[in-house]
Amino acid sequence: MTTAAKVPAITGLDGEGELARIVLDWTPVPWETVVDHYAVYGVRGADDVDVEPDTLLAKTVYPYFEHRGLGGASEQWVYRVVTVDAAGSRSRPSAPVTISSVESVSVSGTPLAVVGEFDGKGLEFALSPDGYAQYNATFPDGVDFRYGTDQAGTGWSYLQPGPADSWAGRRDHLFRLRFDLAEVPTDDVDLALWLIDSHATIPGSAVLTVNGTEVDRLTFDGGATKGSTQGDSTVPGSPLKPSYIERTLPAGLLADGENTLELFKDDGSWIAYDAIGVFARAAG
Amino acid sequence: MAQRRAAPILDRRTFLQLSGVSSAAIALGIAAPEAAADESVNVPDGVFGLGVASGEPGARSVVLWTRLAPEPLAPDGHGGMPLRPVPVRWEVATDESFRRVVRRGTVVASPELAHAVHPHVDGLQPGREYFYRFTAGRQVSPVGRTKTLPARGELAASFSFATASCQAWYHGHFGAYRHMAAEELDAVFFVGDYIYEYGITDANLWRQGATVTPEHAVEIETLEQYRLRYALFKSDPHLQAVHALAPWIVTWDDHEVQNNYGADGSRYGVSPEHFVHLRAVAYRAFYENLPLSLSTLPDGPDAALYRRFDAGSLARFNILDTRQYRDAPPADTDDQYDERRTMLGPEQEQWLYDGMIGSPATWNVCVNGVTVAAITEDRTDQWDGYPAARRRLIDAMQQSTNPVVLTGDIHRHVAAELKADFADPSSSTVGVELICSSIASDGDGSPTDRYTPDWIQHPYVKLYDGRRGYVHCRMTPEELTSEFKIVQWIRADADAPLETVARFVTRAGTPGLEKQG
């Protein structure tokens, strides 16, 4: 039996804080060691982490781990990684690394219009988690959602298809969010668009338009092509690959009264929503 | 109460101090010194819970297999075994009661291989039946039956085998295997999807009466999860019975790793740099859990699976790997029809053609994962996605004798004639493709379904049936008889009777499918 001293520990543990997640990577052990998995240990807000069952976050075969579901607030975590080989023997823990996630505008800002909850789940949306076959019948003209009046569970589809999706008619799809403002913010505002998943190879892009002004083309990260049938990326072992877009909307785009924000998906396949919102920045 | 003597524990050093067998062979469960055998070694009860198997038959050899697992579904993937090596003795006899033992030996089951052993037994007689069993401590395994291949150059009177694929345990009971276990077989060819990687939840657990613990609910990724998945599927008694019936010759398709993967390419967003780590553990678990020879033991993320078996001069079986070396899915039509596209990779392709062209065998068989016959342009995971490679394969078949393709993957029985030019159905028939339905994947199924028109639109497709089952084949020097067998249901239980939905004869020298009855 391989002794623990013979199972090499990983090196180069590093990470990057992102929105709602921390991405770790490391140098895998050489192929000579047949790895069962890497055990990732972590604890929030401490100087170091004890390697024990209570702090085990995940087992992964990849030299990479996305610590997801951290929410919109910035969180500081410390991690260590242990190599477990095919015989069940364990290495000594790696050196620790401390990383903080990035705070979301959904936390720092004041909501002007929000659909869904920024929680890693899309279960609150219409047709979730696997009703895509009813999309065409339910949303023949896409989504036209009025904030404050419509309900996410009936008015906003969990998937926004693209022209590559045969089940949605191989056509472009427009999602529109309407919201009223009694007073226009003087500063820039922020858009937060969180996805629980997207198509893995052709997530494509969408044109972002605010009050008739084309602002940008949003390009989506490849997901895992699983969010069409699963709605919760926070379940342990979930195969979903969430992604996050937060970007500034320049001052002057918004107006008193009704505003419209549109996402026109004219490229690629579907995206699966976690939440979408527009946020004013805190004063000062 | 009798006092039990404390059982000795054998450690690695003890084994390595014993002479005569290399440390590598010991560690890999291939061989060990006789002195290592010690029936007083403490082994947990029920250690042969995953059954026994044989495979890789030669004219004078066979590989035996078992994996010690007193608790097959232990979450850590080690089957309830202590994390230390255990000696295992094996015996091969010419009779089921082991009065005439002709070979015996000892191997070491080590935690590095999940306590799987793969002893290579040689010195056997060609074309004859043998029986084998294992002993660990004082526990004796069930008895397995195996058979060597006919002697080199011998034109055997007949060779019978079954083909099977796609055994999604959670979709139903293995009633098809219950019937296969009653067949008289010289070999079983498994053509892919021995396990499935998906999480098993209420949504897909259609096997009535079955329950699984939460460990099974997630898509598998680590070696312990792959080991656990094999253990779950191999817990089926009918699958164990067929493994104990005849030597298996196996290849893989995609689900032994991940749905629709190719080479280092995932369809689910895993980068190639990372995907090879998944492939490494998946290929490792495949080796550990099947009766394969040492040549298939992976080296990191690579494993040499393609190989060849000669059943005397009656048949040559080319076992193909249609996953590890294939090009990525086509980006567009131009890419799809690129002359350089490869399904097998250049080395395997050349190896195959070298083995087919000028082969001395009456029947030249390709055992492969995905459909060769042209069906629709958008079935790019099949050879339809690799038309230039298919044309080269068909060209090689035309220079071979009586080519036959055995396939799985589609969960349907299909019999097709392979054409010199699929775009011209009046072109000559080169060979036949016999596609076996799934053992369990897709549940009960039905004779026809929404995919039927895609297949039967072609005059060269002679059978389509969407129910579960297997294909039984009997080869003689004159003809190949293929019988497509089904069971009407699998979700409720394994009790459905066996039916033969079609029988075809392919005459040597006259490629094609003659439907009988």
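Residues numbered from 1 in each chain as written. Chains lettered and ligands numbered in written order. Predicted model: local features only at pLDDT ≥ 70, side-chain atom pairs only at ≥ 80, totals over all residues. Heavy atoms only, no water.

Undergrad: With reference to specific residues and values, describe helix α9 (residues 387-398) of chain B.
TA: Residues and elements named next belong to chain B. Here α9 is 12 residues long and its end C-alpha atoms lie 16 Å apart, about the 16 Å a rise of 1.5 Å per residue gives. Counted residue by residue, α9 has 9 buried out of 12 residues, so it is predominantly covered. For α9, every residue scored as buried is listed here: Pro-387, Ala-388, Ala-389, Arg-390, Arg-392, Leu-393, Ile-394, Ala-396 and Met-397. In this structure, the buried residues of α9 make contact with α7 (333-336), α8 (346-356), β15 (363-367), β16 (403-407), β17 (413-419) and β18 (429-435). (Helix = DSSP H or I, 4+ residues; strand = E, 2+ residues; numbered from the N terminus. Expected span 1.5 Å × (residues − 1). Buried < 20%, exposed > 50% of the residue type's maximum accessible area, 1.4 Å probe, protein only. Contact = heavy atoms within 4.5 Å.)

Undergrad: Run through the pattern of salt bridges, naming residues and quoting values.
TA: Residues and elements named next belong to chain A. Under the counting rule described, the total for this entry stands at 43 salt bridges over all chains. For Arg-176, the salt bridge identified is with Glu-262, shortest N-O distance 2.7 Å. One end of the pair, Arg-176, is in strand β11 (residues 173-181); the other, Glu-262, is in strand β16 (residues 257-267), and 86 residues separate them in sequence. Taken as a pair, Arg-176 and Glu-262 share a single burial class, namely buried. (Salt bridge = Lys/Arg side-chain N within 4 Å of Asp/Glu carboxyl O.)

Undergrad: Quick one: what's the story with the domain arrangement of chain A, residue by residue and with numbers?
TA: All names here are of chain A. Taken as a whole, chain A is organised into domain 1 (4-100) and domain 2 (105-280). Computed from C-alpha atoms alone, the centre-to-centre distance between domain 1 and domain 2 is 32 Å. When domain 1 packs against domain 2, close to 790 Å² is buried across both sides, 61% of that on carbon and sulfur atoms. Of all residues in domain 1, the largest losses of buried area upon contact with domain 2 belong to Leu-19, Arg-21 and Arg-68, amounting jointly to 62% of the total for that side. Seen at the junction of domain 1 and domain 2, the total is 0 salt bridges. (Domains from an automatic or database assignment. Buried area = accessible area lost by both parts, 1.4 Å probe.)

Undergrad: I'd like a rundown of the pairing of strand β14 (residues 315-319) of chain B, residues and numbers included.
TA: All names here are of chain B. The buried fraction of β14 amounts to 5 of the 5 residues, a majority that puts the element mostly inside the structure. Here β14 shows no split at all, with Ala-315, Phe-317 and Ile-319 on one side and Arg-316 and Asn-318 on the other all buried. With 5 bridges joining them, strand β13 (residues 307-311) and β14 adopt antiparallel strand pairing. Directly across from Asp-310, in β14, lies its bridge partner Arg-316. In the sheet, β14 pairs with β15 via 5 bridges, with the strands oriented parallel. By the bridge assignment for β15, Ile-319 is matched with Val-367. (Pairing = 2+ DSSP bridges.)

Undergrad: Which residues make up the confidence of the model for chain B, and what values go with them?
TA: Looking at chain B as a whole, the pLDDT averages 94, with 93% of positions reaching at least 70. A low-confidence stretch, residues 1-20 of chain B (pLDDT under 50), is modelled with 30 contacts involving residues beyond four sequence positions or located in other chains. (pLDDT = per-residue confidence, 0-100.)

Undergrad: So what about the packing of helix α4 (residues 223-234) of chain B against helix α6 (residues 272-289) of chain B? Which residues, and what values?
TA: Residue and element names in this part refer to chain B. At a minimum axis separation of 9 Å, α4 and α6 run at an interaxial angle of 35 degrees. The handedness of the crossing between α4 and α6 comes out as right-handed. Only Leu-278, Val-281, Ala-282, Arg-284, Ala-285, Phe-286, Glu-288 and Asn-289 of α6 make contact with α4, whose side of the interface consists of Leu-223, Tyr-226, Arg-227, Tyr-230 and Lys-234. Tallied by class, the residues present in the contact of α4 with α6 amount to 8 nonpolar, 1 polar and 4 charged. (Axes fitted to C-alpha atoms, helices over the stretch in contact; angles between N-to-C directions. Left-handed = near helix turned anticlockwise from the far one by under 90°. Nonpolar A, V, L, I, M, F, W, Y, C, P; charged D, E, K, R; others polar.)

Undergrad: I'd like to hear about the sheet that holds strand β1 (residues 11-18) of chain A, residue by residue, with values.
TA: All names here are of chain A. Spatially, the 3 strands line up as an open sheet ordered β1-β2-β5, and their pairing is antiparallel. The open sheet is flanked by β1 and β5 (64-67), the only strands paired with a single partner. Strand-to-strand twist in this sheet, taken as the mean axis angle between neighbours without regard to direction, amounts to 15 degrees. Judged from the 4 bridges that link them, strand β2 (residues 21-27) and β5 form a sheet pairing that is antiparallel. Among the inter-strand pairings, Ile-22 is bridged to a residue of β5, identified as His-67.

Undergrad: Which residues make up the packing of aromatic side chains, and what values do they have?
TA: All chains considered together, the criterion is met by 36 aromatic pairs over all chains. When the ring of Phe-118 of chain A is compared with that of Trp-194 of chain A, the centres are 5.1 Å apart and the planes differ by 85 degrees; the resulting orientation is edge-to-face. On the criterion of sequence distance, the pair formed by Phe-118 of chain A in the loop between β8 (110-116) and α2 (135-138) and Trp-194 of chain A in strand β12 (residues 189-198) is long-range, its members being 76 residues apart. For Trp-194 of chain A, a relative accessible area of 1% corresponds to the buried category. Ring geometry for Phe-422 of chain B against Tyr-460 of chain B: centres 5.1 Å apart, planes inclined by 65 degrees, an arrangement best described as edge-to-face. On the criterion of sequence distance, the pair formed by Phe-422 of chain B in the loop between β17 and β18 and Tyr-460 of chain B in the loop between α10 (452-456) and β20 (461-475) is long-range, its members being 38 residues apart. Relative accessible area serves as the criterion here: at 3%, Tyr-460 of chain B is assigned to the buried category. Following the ring pairs from residue to residue traces out a cluster consisting of Phe-174, Tyr-177, Phe-190, Tyr-194, Tyr-230 and Trp-248 of chain B. One residue, Arg-207 of chain B, lies across the ring of Phe-174 of chain B, its end atom 4.9 Å from the ring centre. Across the ring face of Tyr-386 of chain B, the terminal group of Arg-341 of chain B is positioned such that the distance to the ring centre comes to 4.3 Å. (Phe/Tyr/Trp six-rings, centres within 6.5 Å; stacked < 30°, edge-to-face > 60°. Lys NZ or Arg CZ within 6 Å of the ring centre and 35° of its normal.)

Undergrad: Give a detailed account of a negative patch on the surface, specifying residues and quantitative values.
TA: There is a patch of like negative charges on the surface, built from Asp-14, Glu-16 and Asp-25 of chain A together with Glu-273 of chain B. Checked against the element boundaries, Glu-16 of chain A lands in strand β1. (Patch = residues over 30% accessible without salt bridge, like charges linked within 9 Å, V, L, I, M, F, W, Y side chains within 5 Å. Areas by Shrake-Rupley, 256 points an atom, 1.4 Å probe, with all protein chains shown as cover. Lys, Arg positive; Asp, Glu negative; His and termini not counted. Charge placed at Lys NZ, Arg CZ, Asp CG, Glu CD.)

Undergrad: Tell me about α6 of chain B, and name the residues and values.
TA: In an α-helix there are 3.6 residues to a turn, and that puts residues three or four apart on one side. Taking 1.5 Å of rise per residue, 18 residues should cover 26 Å, and α6 of chain B covers 26 Å from first to last C-alpha, within 8% of that figure. With 16 of 18 residues buried, α6 of chain B lies mostly within the body of the structure.

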